[in-house]
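One letter stands for each residue in the lines below.
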Amino acid sequence: MADLETTTVSTEGHVASSRLGDFRLTTGADGDAGPNPSAVLLADYAACYVSALRVAAADAGHDDLGEIRIEAEADRADGVLDAIRFDVAVEAAIDATDANALAADALDASHVGAALREGLRADVSVETDAV
């Protein structure tokens, strides 16, 4: 049995409805029916990165980062994701060297990041004591 399962249905055009457990997500290539799939991928990557950052911080002895906010953006070339950037704001006051090390560890631990094609990883900047 698979670890993850989803059912995606499209009855016409470029709109698709996916069932993920008890949740539904509607996407549309033109953004009218829901976010486009690239935007969903960007949000998924940022959400995964938040979890990876919290794990990396806990492993390094920083148990409470407080609120984490990621402003994520991506560039596309010919419709294909070409570059991703995360501006990360962390509520906790952490030394800049530690924050950058945690940011790098989180990139390495992100499951969504690992699933992206080689060479497409987020360029991350971190600001602490910020939220």
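Above this text you will find the structure in question.
Conventions we followed
- Residues numbered from 1 in each chain as written.
- Predicted model: local features only at pLDDT ≥ 70, side-chain atom pairs only at ≥ 80, totals over all residues.
- Heavy atoms only, no water.
- Helix = DSSP H or I, 4+ residues; strand = E, 2+ residues; numbered from the N terminus.
- Buried < 20%, exposed > 50% of the residue type's maximum accessible area, 1.4 Å probe, protein only.
- Contact = heavy atoms within 4.5 Å.
- Areas by Shrake-Rupley, 256 points an atom, 1.4 Å probe, with all protein chains shown as cover.
- Lys, Arg positive; Asp, Glu negative; His and termini not counted.
- Charge placed at Lys NZ, Arg CZ, Asp CG, Glu CD.
- Salt bridge = Lys/Arg side-chain N within 4 Å of Asp/Glu carboxyl O.
- Pairing = 2+ DSSP bridges.
- Axes fitted to C-alpha atoms, helices over the stretch in contact; angles between N-to-C directions.
- Phe/Tyr/Trp six-rings, centres within 6.5 Å; stacked < 30°, edge-to-face > 60°.
- Patch = residues over 30% accessible without salt bridge, like charges linked within 9 Å, V, L, I, M, F, W, Y side chains within 5 Å.

**Q** How should the overall build of the protein be read in this particular structure?
**A** Scanning the protein from N- to C-terminus turns up three helices and six strands. Starting at the N terminus and ending at the C terminus, the protein contains elements arranged as β-β-β-α-β-β-α-α-β. Expressed as a percentage of its 131 residues, the buried residues of the protein come to 29%. The long-range fraction of contacts in the protein, counting pairs at least 24 apart against all pairs at least 6 apart in sequence, stands at 54%. Accessible area of the protein: about 8400 Å², with a carbon and sulfur share of 48%. For the protein, the centre of its 8 positive side-chain charges and the centre of its 26 negative side-chain charges are spaced 7 Å apart.

**Q** How do you make sense of the pattern of salt bridges when you look at a structure like this?
**A** Side-chain pairs of opposite charge can arise whenever the charged atoms involved come near each other. According to the stated counting rule, one finds three salt bridges in the structure shown. Its salt-bridge partner being Arg69, residue Glu67 comes within 2.6 Å of it at the nearest N-O pair. The exposure class assigned to Arg69 is partly exposed, which follows from its relative accessible area of 40%. Notably, a salt bridge pairs Arg85 with Glu73, separated by 2.8 Å at the nearest N-O pair. With a gap of twelve residues between them, Arg85 in strand S5 (residues 80–90) and Glu73 in strand S4 (residues 68–77) connect regions that are remote in the sequence. In this structure Arg85 comes out as partly exposed when scored by relative accessible area, which is 24%. Here the salt bridges do not stand alone but share partners, grouping Glu73, Asp75 and Arg85 into one network.

**Q** Explain the sheet that holds strand S1 (residues 7–9) here, please?
**A** The pairing of strands in a sheet comes from backbone hydrogen bonds and takes either a parallel or an antiparallel form. As summarised here, the arrangement of the three strands in space is S1-S2-S3, forming an open sheet in which the pairing is antiparallel. If you trace the sheet from one side to the other, it starts and ends with S1 and strand S3 (23–28), each paired once. Pairwise comparison of adjacent strand axes, ignoring direction, gives a mean angle of 20° for this sheet.

**Q** It is not clear to me how unusual backbone geometry should be interpreted in this structure. Could you clarify?
**A** Note: most peptide bonds trans; most residues except glycine with negative phi. Backbone geometry places Asp78, a non-glycine residue, at a positive phi of 55°. Inspection of the secondary structure puts Asp78 in the loop between S4 and S5. Given a relative accessible area of 82%, Asp78 falls into the exposed group. Even without being glycine, Asp129 reaches a positive phi, approximately 55°. Relative accessible area serves as the criterion here: at 58%, Asp129 is assigned to the exposed category.

**Q** Just to check I follow, could you spell out the packing of aromatic side chains for this structure?
**A** Each aromatic ring pair is specified by the distance between its two centres and by the angle formed by the two planes. Overall, the coordinates contain two aromatic pairs when judged by the stated rule. Here the aromatic rings of Tyr45 and Phe86 are separated by 4.9 Å at their centres, their planes lie at 65°, and the arrangement is edge-to-face. One end of the pair, Tyr45, is in helix H1 (residues 37–59); the other, Phe86, is in strand S5, and 41 residues separate them in sequence. Classification of Tyr45 by relative accessible area gives buried; the value is 1%. Members of the aromatic cluster, connected to one another through ring pairs, are Tyr45, Tyr49 and Phe86.

**Q** I'm lost on a negative patch on the surface in this one. Help?
**A** Taken together, the side chains of Asp63, Asp64, Glu71, Asp87, Glu91, Asp123, Glu127 and Asp129 present a region of like negative charge at the surface. By secondary structure assignment, the location of Asp129 is in the segment after strand S6 (122–128).

**Q** Hey, could you run me through the sheet that holds S6 in this one?
**A** Ordered in space as S4-S5-S6, the three strands form an open sheet in which the pairing is mixed. Edge positions in the sheet fall to S4 and S6, since each of these pairs with one other strand and no more. Here the average twist between neighbouring strands, direction ignored, is 15°.

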